[in-house]
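# Examination of the molecular architecture
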Amino acid sequence: MLSRQDYLGFLKEMFDIETKMMNFYSDLEKKFNDSKMKSIFSQLALDEKSHASAVDALVELINQKYPDSSK
């Protein structure tokens, strides 16, 4: 059975990946002069930011619903 800490660990990994990809796409956007390519990478970065926000919301939900009992 997975523990609260297991879930929070998985979500931290997901958050880190989403943040890494957001930065990756933002960096790519800066490398292009073509406005269509810049727009594509900008949108991908925004999508990753949205994903990171969703993961953060899940962490908050877990923390509210299942508070840390070790405190």
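Everything below is about the structure shown above.
Here is a short report on the structure shown in this document.

Rules of the game
Residues numbered from 1 in each chain as written. Predicted model: local features only at pLDDT ≥ 70, side-chain atom pairs only at ≥ 80, totals over all residues. Heavy atoms only, no water. Phe/Tyr/Trp six-rings, centres within 6.5 Å; stacked < 30°, edge-to-face > 60°. Buried < 20%, exposed > 50% of the residue type's maximum accessible area, 1.4 Å probe, protein only. Helix = DSSP H or I, 4+ residues; strand = E, 2+ residues; numbered from the N terminus. Expected span 1.5 Å × (residues − 1). Contact = heavy atoms within 4.5 Å. Polar contact = N/O pair within 3.5 Å; in protein donor to acceptor, adjacent residues only side chain to side chain.

Applying the stated criterion to the full structure yields three aromatic pairs. For the pair Phe32 and Phe41, a centre-to-centre distance of 5.3 Å together with 25 degrees between the ring planes defines the contact as stacked. Judged by its relative accessible area of 12%, Phe41 falls in the buried class. An aromatic cluster of three or more residues is present, and its members are Phe24, Tyr25, Phe32 and Phe41.

Its 28 residues give helix α1 (residues 4–31) an end-to-end C-alpha distance of 41 Å, which sits within 8% of 40 Å, the value for a rise of 1.5 Å per residue. Those residues of α1 that sit buried are Leu8, Leu11, Glu18 and Tyr25. Summarising the contacts, the buried residues of α1 are in contact with α2 (35–65).

On to α2, then. With 31 residues, α2 extends 45 Å between its outermost C-alpha atoms, agreeing within 8% with the 45 Å of an ideal straight helix rising 1.5 Å per residue. Looking at the buried positions of α2, the neighbouring elements they touch are α1. Regarding α2, its N-cap is Asp34, as a side-chain oxygen of that residue lies 3.1 Å from the backbone nitrogen of Lys36 further along.

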